[in-house]
Amino acid sequence: RLERMFSKDEITVLHHRAWDWYARNGHHDQAIQHALTLGDYANAANCLAEAAGDLLLRGDITTLLSWFDLLPAYTRPELLILRMWASLFAGELDEVERLLARFDNLIETTGNPKTLRADVLALRSEVARLRGDLSLCVSYAQYAIQHLPEDNVILRGVVTLNLGYAEWFNGDLDTADHIFTHMISDQGTDEHLLIDVIAMNNRAYLNTLRGQLRGAKTIYEGVLQRLSGRDPQFAPALGMTHLGLAELHYQWHQLDEALRLTQLGLREGESWIYVKYLLLGYFTYARTLHALKRYPGRDRLLLDVERLIHKANLVPLERQRLALQARFDLDEGRDEAARRWAIHSGIHEHGQSGFLDEFEALTLVRVWLDQGRTGEAHELLTRLLRSAKKQKRLISEIEIHLLLARTAAARRDSDAAMQSLHEALVRAEPERLMQVFIEQGPIIIDLVKRYQSRQRSVREFVQHLLDVFDNLANAPIVVKLDQAQVEPLTEREKDVLKLLAEGKSNPEIADALHIAEGTIRTHVTNIFTKLRVSNRAEAVTRAVQIGLVSVR
């Protein structure tokens, strides 16, 4: 249409005027389009560089990447650095590393090498952290912090955060907390606020690991107060905060609130989904759906998480995803799938298990208990408990004590089982940590009831736990049935069901009934089908509801 009304030269003038107006008024998208129409790649690049920082802070990565795609191959190192950060935020770590190789060739002939190299070392530090290479992460961060200008608040914040993360993942939570605390400046700029909020979220999460949930909640609420009424660019930071709060409510067994906060946090932070905080939020989401017995939604979610992790090639999170799936498999009677995971997990049975692989190691213990390998389970748990105590990670201590109680019960050492359960209860009672008990399944109900009959300590908390267990047992799962509506179980299936209600593993049931373990698996599958359930916990709950077994 313009070509019919104006000459070529006049059209060029119109595009130039349009570019100039849009650029001066901050409408960078339209300015870039007009500059590209003119073939003015330099001014298009200038507009992109001017707008990129704001887009990165807002998390509008899709727009930023679309602009980069419109430009021809760019030779300005500053633009290449922005392109790498955009790819990092999009979770494209392999693309970042490809561009890093290109940057190394480019930097030798252009720009300010020392400053630009410091910028890129901050980026390399972040990539190394996400890949799980803490040594390389620290090395890059230490060099970068020495050479980044004081006024580069964001990148100095990123590398300082990474130094804190390295201490955290090496198990020194106190030093990590010290680093995060001293990052909080309370200055008024958007850049300072973003770094402050991330540091505060990290402090809150460290409190969660220590079992100080009320203290964590206070910090998260302080973050929400600081972000109240702020621009939408802080939505990803809000997302981090809501995901942290969701974890607290999950541990308190307030599952509906945990679900609401998780969904809200993921919506707010979806543009920064590469961040480990947000991927860990997906794990909280999956655990919450599992606890609510919403298995189809959980499974769809895990497929999405798998795609996101593979896209970014985040090996540490992939290992955690597989371990989480193995726990779900155990809960739902897919013992062989869990055992296959254990064989291929790469967890060294006699090595030192640190903070980063603790979740996998505790999952391995669950598989071993299902197999009746109590000696190996006890040995590994003892090592893990020493580490958790040294690092003051209270929630881990509680889980380990509960697994030790299960181990002792499987070995028929009632005194040791009661002592381990006591250690878990007295640690959980002050903060009302409920879900860590519920995750252990029906055997813990029996142990807690035996504890109640012997001990008088933490009486109110024990009763509260038993009330929660009763509510779960009485809640309908799919439909409420009576025995007349259930396909009759054979006598052998009833025997197996009674032992399931006692928390016995398949090998233990096979030994007790003097039949092959493969036959036990067949009986368990038949029980699930007849009771219309999908896992052991549901089978026991359904059996109690309709009077097939009683849990004493």
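Residues numbered from 1 in each chain as written. Predicted model: local features only at pLDDT ≥ 70, side-chain atom pairs only at ≥ 80, totals over all residues. Heavy atoms only, no water.

Details of the overall build of the protein
Here comes step 1: Scanning the protein from N- to C-terminus turns up 30 helices and zero strands.
Here comes step 2: Once the C-alpha set of the protein is aligned to its principal axes, its extents read approximately 95 × 55 × 40 Å.
Here comes step 3: Here the protein holds 552 residues, and the buried ones make up 53% of them.
Here comes step 4: In the protein, the proportion of contacts linking residues at least 24 apart, taken out of those at least 6 apart, comes to 63%.
Here comes step 5: Approximately 24,500 Å² of the protein is accessible, and the part contributed by carbon and sulfur atoms is 50%.
Here comes step 6: Side-chain charges in the protein split into 67 positive and 75 negative, and the spacing between the mean points of these groups amounts to 4 Å. (Helix = DSSP H or I, 4+ residues; strand = E, 2+ residues; numbered from the N terminus. Buried < 20%, exposed > 50% of the residue type's maximum accessible area, 1.4 Å probe, protein only. Contact = heavy atoms within 4.5 Å. Areas by Shrake-Rupley, 256 points an atom, 1.4 Å probe, with all protein chains shown as cover. Lys, Arg positive; Asp, Glu negative; His and termini not counted. Charge placed at Lys NZ, Arg CZ, Asp CG, Glu CD.)

So, unusual backbone geometry
Leaving glycine out, the prevailing phi sign among residues is negative, and the prevailing peptide bond configuration is trans.
Here comes step 1: Phi is positive for R412, which is not a glycine, with a value near 60°.
Here comes step 2: Relative to the helices and strands, R412 is located in the loop between helix 22 (394-410) and helix 23 (414-428).
Here comes step 3: For R412, a relative accessible area of 70% gives the class exposed.
Here comes step 4: In this structure, H514 takes a positive phi of about 60° despite not being glycine.
Here comes step 5: The topology assignment puts H514 in the loop between helix 28 (506-513) and helix 29 (517-531).
Here comes step 6: Given the relative accessible area of 72%, H514 is considered exposed.

As for the packing of aromatic side chains
A ring pair, where both rings are aromatic, is described by two values, the distance of the centres and the angle of the planes.
Here comes step 1: Per the counting criterion, the structure on display carries eight aromatic pairs.
Here comes step 2: Taking 6.2 Å as the distance between ring centres and 80° as the angle between the ring planes, the aromatic pair formed by W168 and F180 counts as edge-to-face. Of this pair, W168 sits in helix 10 (residues 153-169) while F180 sits in helix 11 (residues 173-183), and the two are 12 residues apart along the sequence. We note that W168, like F180, is buried.
Here comes step 3: Judged by centre distance (6.1 Å) and plane angle (75°), the rings of F437 and F461 are edge-to-face. Taken together, the residues F437 in helix 24 (residues 435-438) and F461 in helix 26 (residues 459-474) connect sequence positions 24 residues apart. Taken as a pair, F437 and F461 share a single burial class, namely buried.
Here comes step 4: Aromatic ring contacts, followed pair by pair, group Y165, W168, F169, F180 and Y205 into a single cluster.
Here comes step 5: It is R298 that lies over the ring of F328; its NZ or CZ is 4.7 Å from the centre.
Here comes step 6: Taking NZ or CZ as reference, R327 lies 4.0 Å from the ring centre of F359, over its face. (Phe/Tyr/Trp six-rings, centres within 6.5 Å; stacked < 30°, edge-to-face > 60°. Lys NZ or Arg CZ within 6 Å of the ring centre and 35° of its normal.)

Notes on the side chain of H523
Here comes step 1: In this fold, H523 is placed in helix 29.
Here comes step 2: H523 gets classed as buried once you look at its relative accessible area, which sits at 15%.

These figures capture arrangement, not role.
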